[in-house]
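# Inside the fold
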Amino acid sequence: MAMEMTAGTVQTQNMTGALPLAEDGVPIKMQAQKVNVHYGEKQALYGVDLDVRKNNVTALIGPSGCGKSTFLRCLNRMNDTIDICRVGGNILLDNEDIYDQRIDVVELRARVGMVFQKPNPFPKSIFENVAYGPRIHGLAQSKAELDEIVATSLQKAGLFEEVKDRLDEPGTGLSGGQQQRLCIARAIAVSPEVILMDEPCSALDPIATAKVEELIDELRENYTIVIVTHSMQQAARVSQRTAFFHLGYLVEEGKTNDIFTNPKDQRTQDYITGRFG
Amino acid sequence: MSDHIVSSFNEDLKDLASRIVEMGGLAETLVSDAVQALLRKDSGLAERTIEADRRLDEMQTQLEERCILVIARRQPVARDLREIFAALRISNDLERVGDMAKNISKRAQAIEGNFNSKQLALGVEHMAELAMEQLKAVLDAYTTGDLEAVEQVHARDKQIDALYTSLFRQLLTYMMEDPRNITMCAHLLFCAKNIERIGDHATNIAENIYYMVSGDHLPIDRPKKDETDVDLP
């Protein structure tokens, strides 16, 4: 089984050269096709089709309860943890259906990492927070290699300089913004391809928010990012593509520049200009 | 369009729009008065017009400050943002229209008592009427958001350009006939040019309204230059 998984992963990586292209020529990393989600009797998403472009930041916006977080959680099967949740349709990662029986969910979540609204470091040291993932995924062969992964991840998350002298102190002792960057470092440590962020800045002050936004922009070079945000300005600032959800439907998806200057759908217009919510 | 959840944002935008309408009204009056002063040799009216232009400048400065304040406080997007930028740009055009009227008034004072050609007067008057119609039509369109009216204004500017070209030729003929006409004709030529520019500002305003309402740019196929323009290498 483990051998099969490894083989499957290698094959997927070989296929990245042949990702389908969006109409603007950007490779599509993840594809949602007619995604329906039910929580018990209640339908939360209706036939969502969305392409997530590689090395782009895609922002999901919409009023509370519109389904954007539900959709985000479909992308790495976080909804599997909710018993009454049923997901229909297809979600492809590198052309491969992530809801396929053969997919190892743990493996999937290493490839599609997640950062949550509230920073949630483990009650362990800063070092252990970052080292945990690589260790359980067997990414490091030696202590030196693990040290290297931890240092690089913290550097990529823009946190290394601030914590390098106190890696053995608890992660929970950091400030909110630092904790969130620690969580990003933790997500990066397992070399994901896609990072999902669910309102990563809503618990942070403006300075910490700016640092995380700057980080998102840097991470885009190596990762594909999908971010749910309630801050319209944040969506406008950090993303290249924006998708607007309303009442479980994907109303409009397009270039962020277009969505915020000239949205096509009246509902998008009304929402982003603060006319309903 | 429905109202903002934050009602004071609505009021901000309405305030900008009403300031534009007010500026537009004043600009129309200034043009009309300046042309009357020119045609009727009314130096007093010319003086009052020059004075009134300062009010228009003040209104423009105030509107600009309001726009910056709204942007800073509300971070507007989409149509709201376009409305604010349209207000900024339209107010600029209206302020320039006021400058044109002021310039015509100054020339009216300069050529007072020297302006005795019925035919030239008619030519200037006709041009001015057209320009004022354009200004009125485009300001109405600002209130109604009528894109068809906007496109018509945009297309009609050619007529003013054509009149200007013909008036230019007439003035040249006058100057050649009798050098004593040159001072008067030179002033009139500038007046005509000013009126032609007022038409251009109306066209600019039309373009801004089109963008404000639709989010797209008005397709530009209108030849920008008049026939008196010199081709520089």
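This one's a predicted model, so the numbers in the text were calculated from it and none came from an experiment.

Along chain A, the regular secondary structure elements total eleven helices and ten strands. Computed over C-alpha atoms, the radius of gyration of chain A comes to 19 Å, within 12% of the 19 Å expected from 2.2 N^0.38 for 277 residues, which places it in the range of a compact globule. Once the C-alpha set of chain A is aligned to its principal axes, its extents read approximately 55 × 45 × 40 Å. A total of 277 residues make up chain A; the buried ones form 52% of that total. Of the contacts made within chain A by residues no fewer than 6 positions apart, 66% connect residues no fewer than 24 positions apart. By element, 50% of the accessible surface of chain A is carried by carbon and sulfur atoms, the whole surface being about 12,400 Å².

Moving on, we come to the UniProt feature "domain: PhoU" (unreviewed entry) in chain B. Residue and element names in this part refer to chain B. Look at the UniProt record and you will see "domain: PhoU" (unreviewed entry) annotated at residues 20–107 and 124–209. Between the end C-alpha atoms of residues 20–107 there is a gap of 28 Å, over a span that is 93% helix and 0% strand. Across residues 124–209 one finds 93% helix and 0% strand; the C-alpha atoms that close the span lie 28 Å apart.

A few words on the interface of chain B and chain A. In this assembly, 16 residues from chain B lie in contact with 14 residues from chain A. Taking both partners together, chain B and chain A bury about 1,200 Å²; carbon and sulfur atoms supply 46% of that area. At the boundary of chain B and chain A, one finds one salt bridge. Measuring nitrogen to oxygen at the nearest pair gives 3.1 Å for the salt bridge that ties B:Asp80 to A:Arg275. Linking chain B with chain A are ten residue pairs in polar contact (both at pLDDT 80 or more), by the criterion used here. Its residues assigned to classes, the side of chain B that touches chain A comprises six nonpolar, five polar and five charged.

We now examine the pattern of salt bridges. Tallied over the entire structure, the rule returns 32 salt bridges over all chains. Put simply, B:Arg74 and B:Asp12 hold a salt bridge, and the shortest N to O gap is 2.9 Å. In this pair, B:Arg74 sits in helix 2 (residues 43–74) while B:Asp12 sits in helix 1 (residues 7–39), placing the two residues 62 residues apart along the sequence. The pair formed by B:Arg74 and B:Asp12 is uniform in burial state, with each residue classed as buried. Measuring nitrogen to oxygen at the nearest pair gives 3.7 Å for the salt bridge that ties B:Lys102 to B:Asp53. Residue B:Lys102 is located in helix 3 (residues 78–110), and its partner B:Asp53 is located in helix 2; the two are separated by 49 residues in the primary sequence. Its relative accessible area of 24% is what places B:Lys102 among the partly exposed residues. Three or more residues are tied together by salt bridges with common partners; here these are A:Glu23, A:Asp24, A:Arg53, A:Arg241 and A:Glu253.

Hydrogen bonding along the main chain pairs the strands of a sheet, whether they run parallel or antiparallel. All names here are of chain A. Strand order in the open sheet formed by six strands is 6-7-8-3-9-10, and the pairing between neighbours is mixed. The sheet is open, and its two edges are formed by strand 6 (112–115) and strand 10 (249–255), each paired on a single side. For this sheet, the mean angle separating the axes of adjacent strands, direction not counted, is 20 degrees. Across four bridges, the pairing between strand 3 (residues 57–61) and strand 9 (residues 241–246) is parallel. Along strand 9, the bridge assignment pairs Leu 60 with Ala 243.

This paragraph deals with the packing of aromatic side chains. Counting across every chain of the model gives five aromatic pairs over all chains. When the ring of A:Tyr46 is compared with that of A:Tyr249, the centres are 4.5 Å apart and the planes differ by 10 degrees; the resulting orientation is stacked. One end of the pair, A:Tyr46, is in strand 2 (residues 42–53); the other, A:Tyr249, is in strand 10, and 203 residues separate them in sequence. Judged by its relative accessible area of 29%, A:Tyr46 is partly exposed. The ring of A:Phe122 has A:Arg186 sitting right over it, with the charged end atom 4.3 Å from the ring centre. The aromatic ring of B:Tyr211 is capped on one face by B:Arg82, whose charged end is 6.0 Å from the ring centroid.

Definitions and cut-offs
Residues numbered from 1 in each chain as written. Chains lettered and ligands numbered in written order. Predicted model: local features only at pLDDT ≥ 70, side-chain atom pairs only at ≥ 80, totals over all residues. Heavy atoms only, no water. Helix = DSSP H or I, 4+ residues; strand = E, 2+ residues; numbered from the N terminus. Rg over C-alpha atoms; globule rule 2.2 N^0.38 Å. Buried < 20%, exposed > 50% of the residue type's maximum accessible area, 1.4 Å probe, protein only. Contact = heavy atoms within 4.5 Å. Areas by Shrake-Rupley, 256 points an atom, 1.4 Å probe, with all protein chains shown as cover. UniProt positions renumbered as here; feature names shortened; annotations may be inferred. Buried area = accessible area lost by both parts, 1.4 Å probe. Salt bridge = Lys/Arg side-chain N within 4 Å of Asp/Glu carboxyl O. Polar contact = N/O pair within 3.5 Å; in protein donor to acceptor, adjacent residues only side chain to side chain. Nonpolar A, V, L, I, M, F, W, Y, C, P; charged D, E, K, R; others polar. Pairing = 2+ DSSP bridges. Axes fitted to C-alpha atoms, helices over the stretch in contact; angles between N-to-C directions. Phe/Tyr/Trp six-rings, centres within 6.5 Å; stacked < 30°, edge-to-face > 60°. Lys NZ or Arg CZ within 6 Å of the ring centre and 35° of its normal.

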